[in-house]
Amino acid sequence: AQSVTQLGSHVSVSEGALVLLRCNYSSSVPPYLFWYVQYPNQGLQLLLKYTSAATLVKGINGFEAEFKKSETSFHLTKPSAHMSDAAEYFCAVSDSSNYQLIWGAGTKLIIKP
Amino acid sequence: GAGVSQSPSNKVTEKGKDVELRCDPISGHTALYWYRQRLGQGLEFLIYFQGNSAPDKSGLPSDRFSAERTGESVSTLTIQRTQQEDSAVYLCASSLRQANSPLHFGNGTRLTVT
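Every residue gets a number counted from 1 within its own chain, in the order that chain's sequence is written. All chains are assigned letters beginning with A, and all ligands numbers beginning with 1, in the order in which they are written. In view of the model being predicted, local features appear only for residues whose pLDDT reaches at least 70, and side-chain atom pairs are presented and counted only at 80 or more, with totals across whole chains, interfaces and linings using the full set of residues. With hydrogens and water set aside, each side-chain value is computed from the structure's full complement of heavy atoms.

Colleague: Teacher, can you tell me more about the nonpolar core here?
Modeller: In summary, soluble globular proteins display a tendency toward joint burial of nonpolar side chains. Here the nonpolar core consists of buried residues drawn from Ala, Val, Leu, Ile, Met, Phe, Trp, Tyr and Cys, with membership extended through side-chain atoms lying within 4.5 Å. Partly exposed residues are those whose accessible area sits between 20% and 50% of the maximum for their type, while under 20% is buried and over 50% is exposed, using a 1.4 Å probe and protein chains only. Within the largest apolar cluster, 27 residues are counted, with the highest numbers of intra-cluster contacts made by Trp35(A), Phe74(A), Leu76(A) and Tyr89(A). The helix and strand labels rest on DSSP assignments: H or I over at least four residues marks a helix, E over at least two residues marks a strand, and numbering proceeds from the N terminus. Those elements giving two or more residues to this core turn out to be strand S2 (10-14), strand S3 (19-26), strand S4 (33-38), strand S5 (44-50), strand S7 (64-68), strand S8 (73-78), strand S9 (87-94) and strand S11 (107-112) of chain A. Whether two residues touch is decided by their heavy atoms; if any such pair falls within 4.5 Å, the residues are in contact. Once residues within four sequence positions are removed from consideration, Phe74(A) is found in contact with Cys23(A), Leu33(A), Phe34(A), Trp35(A), Leu48(A), Tyr50(A), Val57(A), Ala65(A), Glu66(A) and Phe67(A). Among the nonpolar cores identified, the runner-up in size contains 20 residues, and Val19(B), Ile26(B), Ile79(B) and Cys92(B) belong to it.

Colleague: What is the right way to read the sheet that holds S3(A) from this model?
Modeller: By definition, the strands of a sheet pair up through backbone hydrogen bonds, in either a parallel or an antiparallel sense. Residues and elements named next belong to chain A. One open sheet holds the 5 strands; their spatial order is S1-S3-S8-S7-S6, and the pairing between them is antiparallel. Each edge of the open sheet is held by one strand with a lone partner, namely strand S1 (3-7) and strand S6 (56-58). Strand-to-strand twist across the sheet, computed as the mean angle between neighbouring axes with direction ignored, equals 20 degrees. In this analysis, strands are considered paired if DSSP registers two or more bridges between them. Sheet topology note: the S3/S8 ladder contains 4 bridges and is antiparallel. Counterpart to Leu21 in the pairing with S8 is Leu76. The axes are straight lines fitted to the C-alpha atoms, using for helices just the contacting stretch, and the angles between their N-to-C directions are given from 0 to 180°.

Colleague: What's the story with the sheet that holds strand S1 (residues 5-7) of chain B in this structure? I'm lost.
Modeller: All names here are of chain B. The 4 strands lie next to each other as S1-S3-S7-S6, forming an open sheet whose pairing is antiparallel. The open sheet has two edge strands, S1 and strand S6 (65-69), and neither has a second partner. Going from strand to strand, the sheet's axes swing by 15 degrees on average, the running direction of each strand aside. In terms of strand pairing, S6 meets strand S7 (residues 75-79) through 5 bridges, oriented antiparallel. From the neighbouring strand, Glu68 faces S7, where its bridge partner is Thr76.

Colleague: What is the right way to look at the interface of chain A and chain B in this model?
Modeller: How big an interface is tends to be expressed through the accessible area that disappears when the partners come together. Contact residues are listed per partner, giving 19 residues for chain A and 21 residues for chain B. As a working definition, buried area equals the accessible area (1.4 Å probe) given up by two parts on being put together, with both sides summed. Of the roughly 1,700 Å² buried at the junction of chain A and chain B (both faces included), carbon and sulfur atoms supply 55%. For this analysis, a salt bridge means a side-chain nitrogen from Lys or Arg found within 4 Å of a carboxyl oxygen belonging to Asp or Glu. Joining chain A to chain B, the criterion identifies 0 salt bridges. Those elements that provide at least two residues to the side of chain A that touches chain B are S4, S5, S9 and strand S10 (101-103) of chain A. Its residues assigned to classes, the side of chain A that touches chain B shows 10 nonpolar, 8 polar and 1 charged. Each residue gets one label: Ala, Val, Leu, Ile, Met, Phe, Trp, Tyr, Cys and Pro are nonpolar, Asp, Glu, Lys and Arg are charged, and the others, such as Gly, are polar.

Here you go:
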């Protein structure tokens, strides 16, 4: 069965520092992988997705993620954190058998001024 | 274009009452999902509709929960005899039926059971 693990329920970084949010997945077939962001009192919105076209995927708001098959990882990064990045971030993998998404538990990103 | 619309945005109800939550998906999206998100928690899958196929109800927590969808249009999630533990944000999402198609979420309905 496919699964997604996000390491760290909370990550705190200083404004201007590197953001690194970790996501590891298990999948027996090449996966489709997604990162979503949820701002307070809103639904989730897509940040970026991996669909095998390129291992380094660029998303909105300066975020990017690198697919590493050997490490079964899809970590999310941003070179310089901004206060507006404070939100919860969810990693998900698509179940190829029924097209449903398997969700990680989420990581809350806290930005310190 | 129009996104996923959910109504009401907030609902306060007394314990024991029934509630109905509505979701209008993006036109042309054959897949529709309901999720529950308790305060500070992740997403809890409830139910999945795909076209005219039988829905995947495996996530519904009890028989007090039910959902319907008319074709590829509006969906309603009904909770009967609400309990305080039902208090949460209920999120609806829609997508095309492809493994690489992202989900588009509504802003959710915040349900408070008093």
